[in-house]
Amino acid sequence: MSKKPYKLEARNLNAYYGGFHALKDINIAMEEKAVTAFIGPSGCGKSTFLRTLNRMNDYIDGFRVEGDILLDGRDIYNKDIRVDELRKEVGMVFQKPNPFPKTVFENVVYGLKIQGIKDKKVLAEAAESSLRKTALWEEVKDKMDKSALALSGGQQQRLCIARALAISPSVVLMDEPTSALDPISTAKIEELIYELKNDYTIVIVTHNMQQAGRVSDQTAFFYMGELVEYAKTKTMFTSPKHERTQNYITGRFG
Amino acid sequence: MRVQERIIEGLLWLSAVITIFVTVGIIWVLLSESLTFFSEVSVLDFLTDKQWTPLFAEKHFGILPLVAGTLLTTAIAISVALPIGLTIAIYLNTYAPAGFRATIKPMLEILASIPTVVYGFFALTVVTPFLQTFIPNLAGFNSLSAGIVMGIMIIPMISSLSEDAISAVPKSLREGAYGMGATRFQTAFGVLVPAASSGILVSIILAISRAVGETMIVAIAAGQQPRLTANPLVPVETITTYIVQVSLGDVPHGSLEYRTIFAAGITLFIFTFALNNLSFWIRKKYQEKYD
Ligand SMILES: Nc1ncnc2c1ncn2[C@@H]1O[C@H](COP(=O)(O)OP(=O)(O)OP(=O)(O)O)[C@@H](O)[C@H]1O
Ligand SMILES: [Mg+2]
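Residues numbered from 1 in each chain as written. Chains lettered and ligands numbered in written order. Predicted model: local features only at pLDDT ≥ 70, side-chain atom pairs only at ≥ 80, totals over all residues. Heavy atoms only, no water.

Considering the domain arrangement of chain B
Many structure descriptions define interface size as the accessible area lost when the parts assemble. Residues and elements named next belong to chain B. Quick reminder of the rule: Segment limits for the domains were obtained from an automatic or database-derived domain assignment. Residues count as neighbours in contact if any of their non-hydrogen atoms are within 4.5 Å of one another. Take the accessible area each of two parts loses on contact, using a 1.4 Å probe, and add the two losses: that sum is the buried area. Any carboxyl oxygen of Asp or Glu within 4 Å of a side-chain nitrogen of Lys or Arg constitutes a salt bridge here.
Split by domain assignment, chain B resolves into domain 1 (2-39) and domain 2 (64-290). Between domain 1 and domain 2, the residue contacts involve 9 residues of the former and 8 residues of the latter. Taken together, the two surfaces of domain 1 and domain 2 that pack against each other cover about 790 Å², and 86% of this comes from carbon and sulfur. Sorting the residues of domain 1 by area buried against domain 2 places Leu-30, Glu-33 and Phe-37 first, and these three jointly supply 63% of that buried surface. Taken together, the connections running from domain 1 to domain 2 amount to 1 salt bridge. Where Glu-33 meets Arg-259, a salt bridge forms, and the shortest distance between an N and an O atom there is 3.6 Å.

Okay, here's the thing in structure tokens:
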């Protein structure tokens, strides 16, 4: 089996909210075009870590990181890196669907428009192809000029994924993307994640063990700001090394 | 205990009733006096005559010059206050560190608490001479400096209400834009301002209403010459200035000349009443968006 190159790496990463030490010496390397799941009890730092990967916490007063995060070998916290450029490379999908109060079309092409792309044909084609990738095209092709807020929650979340894909990132971060959705929408998004990993590196935070088991290749278990265990999902779920992991996976705590 | 509560309840009721009576009283006086006025001067003349000379031998009762003076000074004020106020609001909201924001916001409010008479003299004795150095044909009294200074006065109104509106935009929208690689500038203008547009609109309307009703600054710095013009360099008179002029002058009470101030007053009242209701309506209509 050939080893894929590492897409994202954290080295001796520490993160602080003011005086609070939220991430403690994290070392992890994530493979390209694979799905990595972050699991762990509430408050253990999953979202914090995920948000350091596209520097989403930059504007939080008092937030600070030490150590390195490498994207394709480059340190993303380096002074030469422009955060807006970084986020075009590392897209994000949030827990609650957050479409802009604009039309479906405007939502999908938002990322392209802010890059200065105005050509109507280019935008329309990009919108269609992104919406097809998220299996939303058939559902919304007649509603492109309607408000995105009129879509169902599951459709809104797939729209948000389409919006993220439209700017062709290489990494997509998802923070509990299905926790606000019904089982059918959840299943659709899981299927979608499975498809997307052919083209994208995906990191997903989830509280749902079955979901982690179904969609991910690797799983990282966090506890109180520490990375306790990181392994192939199959290995982790069948024979976890640490007792904490075992307890968490089997639902004995958290 | 029960008696005490009764008394407090009674006092509260009383103050509410007094407020209502005073309001009704004011409107009644305005209406009845202006009805008498309009029995002597036709509404058509009032609305279409291009001259306002009630105090001269050849009397004309056209409100248009006063309305024009009011709108001109207001327009100048808003074109100063809106860009600056909105820029401050966006800066405070998306760029300034929290500590800085906490100190600068109250400091801005100070601008609004300076007595307007001070602003008036500032316009007359500082701004006008300064502007005259590069606009030589600027008259000593003019709507330009009065409007600019009035604009400075209402900056905090726009910046503070707009900042509130922008802060009320859900964090998830802001993060959504950042997450797509939008810069802070793109996020502010492409996502936050449109999402907060109803609140920003309300702040503008309230600022307009404030400018329309402003008296001291224009009375001191804009002159007292009713003139139907859009030229900001010459003296004009606003509705409020005219009312002050007649109230303080030696026009006999009960005369037609005296009643002109009620006709002017009701015109002003209609303007501000309409503006305040518009802002109330907008607020009501768009409130649900985020709750
Ligand atoms: N903006 C913030 N300011 C201060 N502390 C914060 C902030 N955000 C998170 N924290 C703290 O950092 C720790 C990790 O939070 P984080 O949101 O990363 O947890 P999580 O694992 O994503 O939890 P959940 O599963 O509930 O989403 C928590 O103790 C939390 O209280
Ligand atoms: Mg979280």
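Quick word on the packing of helix α7 (residues 171-179) of chain B against helix α8 (residues 184-195) of chain B
Residue and element names in this part refer to chain B. Note the following rule: Interaxial angle, 0 to 180 degrees, is taken between N-to-C directions of lines fitted to C-alpha atoms, where a helix line uses only the stretch in contact. Helix and strand definitions follow DSSP, with helices as H or I runs of at least four residues and strands as E runs of at least two, each counted in order from the N terminus. In a left-handed crossing the near helix is turned counterclockwise from the far helix by less than a right angle, and in a right-handed crossing that turn is clockwise. Classification convention: Asp, Glu, Lys, Arg as charged; Ala, Val, Leu, Ile, Met, Phe, Trp, Tyr, Cys, Pro as nonpolar; all other residues, Gly among them, as polar.
Running from amino to carboxyl end, α7 crosses α8 at an angle of 145°, the nearest separation of the two axes being 10 Å. At the point where α7 passes α8, the crossing takes the right-handed sense. Within the contact between the two elements, α7 uses Leu-173, Arg-174, Ala-177 and Tyr-178 and α8 uses Arg-184, Thr-187, Val-191, Leu-192 and Ala-195. Of the residues that constitute the contact of α7 with α8, the class distribution is 6 nonpolar, 1 polar and 2 charged.

Focus on the sheet that holds strand β8 (residues 201-205) of chain A
Residues and elements named next belong to chain A. In plain terms, the rule: When DSSP finds two or more bridges between a pair of strands, those strands are recorded as paired.
In space, the 6 strands of this open sheet follow the order β6-β7-β8-β3-β9-β10, with mixed pairing throughout. Looking at the sheet topology across the chains shown, the edges are occupied by β6 (90-93) and β10 (226-232). Across the sheet, the axes of successive neighbouring strands diverge by a mean angle of 20°, strand direction being ignored. The pairing of strand β3 (residues 35-39) with strand β9 (residues 218-223) spans 4 bridges and is parallel. Its bridge partner lying in β9, Ile-39 is registered against Phe-221. Running over the sheet, helix α6 (residues 153-165) touches β6 and β7 (171-175) and is turned about 170° from β6.

Topic: the site of ligand 1
Residues and elements named next belong to chain A. The cut-off we apply is this: Throughout this document, a residue counts as near a molecule or strand when at least one of its heavy atoms sits within 4 Å of that molecule or strand. Under the rule applied, a polar contact is a pair of N or O atoms within 3.5 Å (in protein, one hydrogen donor and one hydrogen acceptor; residues adjacent in sequence only if both atoms are side-chain atoms). Areas reported here follow the Shrake-Rupley algorithm with a probe of radius 1.4 Å; residue values treat only the protein chains shown as occluding.
Taken together, the residues surrounding ligand 1 are Tyr-17, Phe-20, Ser-42, Gly-43, Cys-44, Gly-45, Lys-46, Ser-47, Thr-48, Ile-60, Glu-176 and His-207. Between ligand 1 and Gly-43, the relevant distance is 2.8 Å, taken from an oxygen atom to a main-chain nitrogen or oxygen of the residue. One of the side-chain N or O atoms of His-207 is found 2.6 Å from an oxygen atom in ligand 1. Coverage of ligand 1 by the protein chains reaches 63% of its 630 Å² of free accessible surface.

Description of the UniProt feature "transmembrane region" (unreviewed entry) in chain B
Our working definition: UniProt positions are given in the numbering used here, feature names are shortened, and annotations may be inferred rather than shown by experiment.
Taken from the UniProt record, the annotation "transmembrane region" (unreviewed entry) applies to residues 12-31, 63-96, 108-131, 143-166, 187-208 and 261-282 of chain B. Secondary structure content for residues 261-282 of chain B is 100% helix and 0% strand, while the C-alpha to C-alpha distance between its ends is 31 Å.

Quick notes on the interface of chain A and chain B
Counting residues at the interface gives 22 residues for chain A and 19 residues for chain B. Counting the surface lost from both chain A and chain B, the interface buries some 1,700 Å², and carbon and sulfur atoms represent 63% of this. Considering only the side of chain A, the residues that lose the most area to chain B are A:Tyr59, A:Tyr110 and A:Ile114, jointly responsible for 28% of the buried surface there. On the surface where chain A and chain B come into contact, there are 1 salt bridge. A salt bridge links A:Arg51 to B:Glu175; its shortest N-O distance comes to 2.6 Å. Counting across the interface, chain A meets chain B through 4 residue pairs in polar contact (both at pLDDT 80 or more). Secondary-structure elements contributing two or more residues to the side of chain A that touches chain B are α2 (83-89), β6, α3 (104-113) and α6 of chain A. Its residues assigned to classes, the side of chain A that touches chain B shows 12 nonpolar, 3 polar and 7 charged.

A closer look at the pairing of β7(A)
Side-chain direction in a regular strand flips from residue to residue, so the side chains alternate between the two faces of the sheet. Residues and elements named next belong to chain A. We apply this condition: Working definition: with a 1.4 Å probe on protein chains only, accessible area under 20% of the residue-type maximum means buried, over 50% means exposed, and in between means partly exposed.
For β7, the tally of buried residues reaches 5 of 5 residues, placing the bulk of the element in the interior. The two faces of β7 match: Val-171, Leu-173 and Asp-175 on one face and Val-172 and Met-174 on the other face are all buried. Judged from the 4 bridges that link them, β6 and β7 form a sheet pairing that is parallel. Counterpart to Val-90 in the pairing with β7 is Val-171.

Here we look at a nonpolar patch on the surface
Condition: Patch construction takes residues with relative accessible area above 30% that form no salt bridge. Like charges are linked within 9 Å, and nonpolar side chains (Val, Leu, Ile, Met, Phe, Trp, Tyr) are linked within 5 Å.
Taken together, the side chains of B:Val3, B:Ile7, B:Leu11, B:Trp13, B:Leu14, B:Ile18, B:Val22 and B:Ile26 make up a nonpolar region of the molecular surface, amounting to roughly 830 Å² of accessible area. Looking at where B:Leu11 falls in the secondary structure, it is placed in helix α1 (residues 2-40).

So, the packing of α3(A) against α6(A)
All names here are of chain A. Direction vectors running N to C along α3 and α6 enclose 35°, while the axes themselves pass 6 Å from each other. Contacts from Val-104, Asn-107 and Val-108 of α3 reach α6 at Leu-159, Ala-162 and Arg-163. The residue inventory of the contact of α3 with α6, partitioned by class, reads 4 nonpolar, 1 polar and 1 charged.

A closer look at the UniProt feature "domain: ABC transporter" (unreviewed entry) in chain A
Here, the residues flagged by UniProt with the feature "domain: ABC transporter" (unreviewed entry) are residues 8-249 of chain A. The straight-line gap between the two end C-alpha atoms of residues 8-249 of chain A is 25 Å; of that span, 37% is helix and 27% is strand.

A short note on helix α4 (residues 120-133) of chain A
All names here are of chain A. Put simply, the rule reads: One less than the number of residues in a helix, times 1.5 Å, gives the span that helix is expected to have.
Taking 1.5 Å per residue as the helical rise, α4 with its 14 residues ought to reach 20 Å, and the 20 Å between its terminal C-alpha atoms agrees with that figure. Looking at the packing, one finds that the buried side of α4 touches α3, α5 (137-140) and α6. Looking at where α4 begins, the residue whose side-chain oxygen comes 2.9 Å from the main-chain nitrogen of Lys-121 is Asp-119. Residue Ala-135 follows α4 closely and has a positive phi angle near 55°.

Topic: the side chain of A:Glu190
Mapped onto the elements of the fold, A:Glu190 is located in helix α7 (residues 183-196). When sequence neighbours within four positions are dropped, the list of residues in contact with A:Glu190 reads A:Gln211, A:Arg214 and A:Val215.

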